[in-house]
Amino acid sequence: MSGGPGTVWRDRFRVRFFDTDPTGRASVAAVCRYLQEAADSHTRPYQLSLTDLLAEGRMWVLSRLAIQFVRMPRLAEEVAVDTWGSNRLGGLRAYRDFRMLDEAGETLAEASSMWLILDAVTKRPVRLPESILVFRHAEWRTPEAVDAVKLDAPSRGMYEARFRVGWRDLDANRHANNVRYVEWMLEALPDEIFESSRLVGVDIQFVGEAARGDEIVSASEAAGDGAFRHGLTNGDGAVLAVGRSVWK
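Residues numbered from 1 in each chain as written. Predicted model: local features only at pLDDT ≥ 70, side-chain atom pairs only at ≥ 80, totals over all residues. Heavy atoms only, no water.

**Re the overall build of the protein**
Along its length, the protein carries six helices and eleven strands. The C-alpha radius of gyration of the protein comes to 18 Å, within 12% of the 18 Å expected for a compact globule of 248 residues. With respect to the principal axes defined by its C-alpha atoms, the protein has extents near 45 × 45 × 35 Å. Restricting to contacts in the protein with at least 6 residues of sequence separation, those with at least 24 account for 70%. Total accessible area on the protein is roughly 12100 Å²; 49% of this is exposed by carbon and sulfur atoms. In the protein, the 32 positive side-chain charges and the 36 negative ones have mean positions that sit 2 Å from each other. (Helix = DSSP H or I, 4+ residues; strand = E, 2+ residues; numbered from the N terminus. Rg over C-alpha atoms; globule rule 2.2 N^0.38 Å. Contact = heavy atoms within 4.5 Å. Areas by Shrake-Rupley, 256 points an atom, 1.4 Å probe, with all protein chains shown as cover. Lys, Arg positive; Asp, Glu negative; His and termini not counted. Charge placed at Lys NZ, Arg CZ, Asp CG, Glu CD.)

Below you can see the structure in the form of structure tokens.
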């Protein structure tokens, strides 16, 4: 589905073998990539994609992403991802929402996100240009919770995993892609969570950049009722992200 910038954009994806996890369904990372691809596709015809902004010395940065899952799509299943700019769009913050549907039109997942545009040199936020404000959808508004609800880091590392940022982890901004942050965050959970439970929600706030060669420390702790608090830091202890996941 295409149309003007203030309308709903639709991309379609088929779940490939390399998109799946051991359950035979799309991984959380694959779903995040579908959302990311749909957002880029929506902005590309208007010269507002990541590539376009980088050519002008600016960059898109994802600040917050919250996804609610109904179910994960299966291998070979075709899904549609609808995306639109929220009518909260303005100032320094750009809000974009998503809905993922199966072939019958049933909702598989819904997501809200908050983005910033940074100066590529100073890494400081800049005001959204008028060309981006036309993406505001007249009717749909991102929930306040996407930036009003505070996420807390784990107070103690009940579970921990460590990684090293490699070349394959980087995006066009030359720092670790946000999808990698989600993967690293969830890796600090025991196998029994993945084997006995289903992910129904993930919420992550991106705080700092990770570059090639950086050590990543992922820590998680149970928060009750199937929820976990997550934190990502680098080898120096600087916070890179905080998050929350909910399992049933």
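Let us keep going from here.
**Some details on helix H1 (residues 28-43)**
Count 3.6 residues to each turn of an α-helix, and residues three or four apart come out pointing the same way. Over its 16 residues, H1 extends 23 Å from the first C-alpha to the last, a length consistent with the 22 Å expected when each residue adds 1.5 Å. In terms of burial, H1 is a largely internal element, 13 of the 16 residues being buried. (Expected span 1.5 Å × (residues − 1). Buried < 20%, exposed > 50% of the residue type's maximum accessible area, 1.4 Å probe, protein only.)

**Let's talk about the environment of Ala172**
Here Ala172 lies in the loop between strand E7 (159-164) and helix H5 (178-187). Separated by 17 residues in sequence, Ala172 and Leu189 have C-alpha atoms that sit 29 Å apart. Every residue in contact with Ala172, bar those within four places of it in the chain, is listed here: Leu50 and Leu54.

**Points about the packing of aromatic side chains**
One pass over the full model with this rule turns up nine aromatic pairs. Ring geometry for Tyr181 against Trp184: centres 5.8 Å apart, planes inclined by 35 degrees, an arrangement best described as tilted. Taken as a pair, Tyr181 and Trp184 lie in helix H5 at a separation of three residues, close to a single helical turn. The class for Trp184 is buried, based on a relative accessible area of 6%. Measuring from centroid to centroid gives 5.4 Å for Phe194 and Trp247, while their planes differ by 85 degrees, and the two rings are edge-to-face. (Phe/Tyr/Trp six-rings, centres within 6.5 Å; stacked < 30°, edge-to-face > 60°.)

**Details of the nonpolar core**
In this structure, Ile67, Phe69 and Tyr181 are the most contacted members of the largest nonpolar core, which totals 57 residues. Among the elements that make up this core, the one with the highest residue count is H1 (nine residues). Aside from chain neighbours lying at most four places away, what touches Tyr181 is Ala176, Ile204, Phe206, Gly208, Glu209, Ala210, Leu232, Leu240 and Ala241. (Core = buried A, V, L, I, M, F, W, Y, C linked by side-chain atoms within 4.5 Å.)

**Things to note about the pattern of salt bridges**
Considering all chains together, one arrives at 21 salt bridges under this definition. Note that Asp82 and Arg10 form a salt bridge whose closest N and O atoms lie 2.6 Å from each other. Remark: Arg10 occurs in strand E1 (residues 9-14) and Asp82 occurs in strand E3 (residues 78-85); sequence separation between them is 72 residues. For Asp82, a relative accessible area of 5% translates into the label buried. The shortest N-O distance in the salt bridge between Arg141 and Glu144 comes to 3.3 Å. With relative accessibility at 43%, the residue Glu144 sits in the partly exposed group. One network of salt bridges, in which partners are shared, links Arg88, Arg93, Arg141, Glu144 and Asp147. (Salt bridge = Lys/Arg side-chain N within 4 Å of Asp/Glu carboxyl O.)

**Side note on the packing of H1 against H5**
At a minimum axis separation of 9 Å, H1 and H5 run at an interaxial angle of 160 degrees. Classified by the angle their axes make, H1 and H5 are roughly antiparallel. In the crossing of H1 with H5, the sense of the turn from one axis to the other is right-handed. On the side of H1, the interface is formed by Val28, Ala29, Cys32, Arg33 and Gln36, while H5 contributes Asn178, Val179, Val182, Glu183 and Leu186. In the contact of H1 with H5, the residues fall into six nonpolar, two polar and two charged. (Axes fitted to C-alpha atoms, helices over the stretch in contact; angles between N-to-C directions. Parallel < 35°, antiparallel > 145°, perpendicular 65-115°, else oblique. Left-handed = near helix turned anticlockwise from the far one by under 90°. Nonpolar A, V, L, I, M, F, W, Y, C, P; charged D, E, K, R; others polar.)

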